[in-house]
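# A structural walkthrough
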Amino acid sequence: MDELISLLSDNDYISGEKLCLSLGMTRGAVWKRVEKLRREGYDLRSAGKRGYALFLSPDSLLPAYVQKSLKTRRAGLGDIYYQRSISSTNAWCKEKAAQGAKDGTLCISEEQTSGRGRLGRAWDSGKGESLLMSLLLRPNIPPENAHTLTLAAALATAKAVEETTGLRPLIKWPNDVLLSGKKLSGILVETAADMDLVRSAVIGIGINVRQRAFSGELRNTATSLFIECGRLIDRRELLCALLLNIEREVELIELGGFSAISEDYIRRSATIGKTVTVKPVSGESEYEAQAVSLDETGALIINVNGEKRRVVSAEVSIRGGI
Ligand code: BTN
């Protein structure tokens, strides 16, 4: 964190003289630093002899504000990178992961020009309307369990939304978080693994926060927190809750695999007990089934005309829903 920002406690003034002493800088140099931070968007106020104070702007996702609000031990404690516009927060994190970035590195943006979705699709959202973030973790998980990170991320998203809004989202297997049966968030986890360990996992999450309406195809399939709550939700509060929940769920699966979070996940499932259409990613034709349960690895157990099957990766839609 910028040294000046870390010296300024929230909403409280500290004299210019004290700042100069603590930073070993002249008054002119402190002033220049203050101006630079203001240009970046920080609400730094000065009041004559009282000195300087940092005010926490609501909703702002600037790194020092996020750092001051975080209660995590790991997520967001590596570098936090913020850019108003970026190609994709996942692409940025993957690049940093390849260069050796630390566990807990976080990338946040207001807008993506090439946002990535599942199955090679694009993920679009208007500037400042969503919470767009990717978290780099170096989890202690064997490669065969890498897919459980996706389920953990969905559970963490549902819990963070509930804590921040009081609404109770459900999860369409494997990782679509729904409110009123419509998609609220998209999750894309990209992992790189060695023979026996996941080397890096980029957990990318986009949550629709401020959209007032959706048009075209999305009108019946997508929703936002504004649409559901009728008020603006503070994205920084949501982000901090999200990071704390991701950290908790990932630590649970590091210790006990999917079984450690399965009860919580199943309680929030929109899929289990429903008639679903399963579209295999292999390109085989789709078929109808009953979604029965999840097994200890997080695979979906379905019943097709009396025959039990295990689905590991497929597009599943719920009859009468999305
Ligand atoms: C889906 O298809 O449902 C997954 C969408 C994932 C979108 C998020 S937004 C933040 C992160 N960066 C990306 O490029 N994609 C993910």
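Before reading further, recall that the structure is shown in the block above.
Residues numbered from 1 in each chain as written. Predicted model: local features only at pLDDT ≥ 70, side-chain atom pairs only at ≥ 80, totals over all residues. Heavy atoms only, no water.

### A word on the pattern of salt bridges
By the definition in use, this model includes 26 salt bridges. Arg-73 is the salt-bridge partner of Glu-251, the closest N and O atoms lying 2.8 Å from each other. Here Glu-251, found in helix H8 (residues 235-256), pairs with Arg-73, found in the loop between helix H4 (63-69) and strand E3 (80-86); they are 178 residues apart in sequence, far enough to count as distant. Arg-74 is the partner of Glu-251 in a salt bridge, and the nearest nitrogen-oxygen pair spans 3.7 Å. Of the two residues, Glu-251 is situated in helix H8 and Arg-74 in the loop between H4 and E3; the sequence distance between them amounts to 177 residues. Each of the two residues, Glu-251 as well as Arg-74, counts as buried. Linked by salt bridges that have partners in common, Arg-73, Arg-74, Asp-103, Glu-251 and Glu-254 make up one network. (Salt bridge = Lys/Arg side-chain N within 4 Å of Asp/Glu carboxyl O. Helix = DSSP H or I, 4+ residues; strand = E, 2+ residues; numbered from the N terminus. Buried < 20%, exposed > 50% of the residue type's maximum accessible area, 1.4 Å probe, protein only.)

### Digging into the side chain of Asp-176
Its location among the elements puts Asp-176 in strand E7 (residues 176-179). At 2.9 Å, the side chain of Asp-176 and the side chain of Lys-183 are in polar contact. If we ignore the near neighbours within four places in the chain, the residues touching Asp-176 are Leu-170, Ile-171, Lys-183 and Ser-185. (Polar contact = N/O pair within 3.5 Å; in protein donor to acceptor, adjacent residues only side chain to side chain. Contact = heavy atoms within 4.5 Å.)

### Here we look at the nonpolar core
One finds Tyr-42, Met-133, Ile-205, Ile-207, Leu-225 and Ile-246 to be the most contacted residues of the largest nonpolar core, which totals 82 residues. A per-element tally of this core places helix H6 (residues 148-165) first, with 10 residues. Once residues lying within four places of it in the same chain are set aside, the contact partners of Leu-225 are Val-161, Thr-165, Leu-179, Leu-184, Ile-207, Asn-208, Val-209, Gly-230, Arg-231, Ile-233 and Leu-238. With eight residues, the next largest nonpolar core counts Cys-93, Ala-97, Ala-101 and Leu-136 among its residues. (Core = buried A, V, L, I, M, F, W, Y, C linked by side-chain atoms within 4.5 Å.)

### Let's talk about the sheet that holds strand E11 (residues 287-294)
Taken in spatial order, the five strands of this open sheet run E13-E12-E11-E10-E14, and their pairing is antiparallel. Only two strands of the sheet have a single partner each, and these edge strands are strand E13 (307-311) and strand E14 (314-318). Neighbour to neighbour, the strand axes of the sheet diverge by 45 degrees on average, direction disregarded. Pairing of strand E10 (residues 275-280) with E11 involves four bridges; the strand directions are antiparallel. The residue of E11 that forms the bridge with Thr-275 is Gln-290. (Pairing = 2+ DSSP bridges. Axes fitted to C-alpha atoms, helices over the stretch in contact; angles between N-to-C directions.)

### Remarks on the side chain of Thr-277
Following the sequence through the fold, Thr-277 ends up in strand E10. Judged by relative accessible area, Thr-277 falls into the buried class, the value being 17%.

### Remarks on H6
Here H6 is 18 residues long and its end C-alpha atoms lie 26 Å apart, about the 26 Å a rise of 1.5 Å per residue gives. Taken across its 18 residues, H6 has 16 buried, putting it largely inside the fold. Of the residues flanking the end of H6, it is Gly-166, one or two places downstream, whose phi is positive at about 85 degrees. (Expected span 1.5 Å × (residues − 1).)

### Some words on the sheet that holds E7
If you walk across this open sheet you meet the seven strands as E3-E4-E5-E9-E8-E7-E6, and the pairing is mixed. The sheet terminates laterally at E3 and strand E6 (170-172), the two strands that pair on one side only. Within this sheet the neighbouring strands show an average axis-to-axis angle of 20 degrees, counted without direction. Note that E7 and strand E8 (residues 182-193) share three bridges and pair antiparallel.

### Some points on the packing of aromatic side chains
The final tally for this structure, using the stated rule, is four aromatic pairs. Taking 4.3 Å as the distance between ring centres and 10 degrees as the angle between the ring planes, the aromatic pair formed by Tyr-81 and Trp-92 counts as stacked. Here Tyr-81 is found in strand E3, whereas its partner Trp-92 is found in helix H5 (residues 89-98), with 11 residues between them in sequence. Its relative accessible area of 28% is what places Tyr-81 among the partly exposed residues. (Phe/Tyr/Trp six-rings, centres within 6.5 Å; stacked < 30°, edge-to-face > 60°.)

### A look at the site of the ligand
In the region of the ligand, 19 residues are neighbours, and Ser-88, Gln-112, Arg-116, Arg-118 and Lys-183 sit closest. Between the ligand and Ser-88, the relevant distance is 2.7 Å, taken from an oxygen atom to a side-chain nitrogen or oxygen of the residue. Interatomic distance of 3.0 Å between a side-chain N/O atom of Thr-89 and a nitrogen atom of the ligand. Among the elements of the structure, H5, strand E5 (130-137), E8 and strand E9 (198-208) are those that each provide at least two residues to the shell around the ligand. Element by element, the count of residues in the shell around the ligand is highest for E8, at four residues. (Near = heavy atom within 4 Å.)

### Some points on the pairing of E10
Consecutive residues of a regular strand have side chains that alternate between opposite faces of the sheet. Burial runs high along E10: five of the six residues are buried. By the bridge criterion, five bridges tie E10 to E14 in an arrangement that is antiparallel. Note on E14: the bridge partner recorded for Thr-277 is Ser-317.

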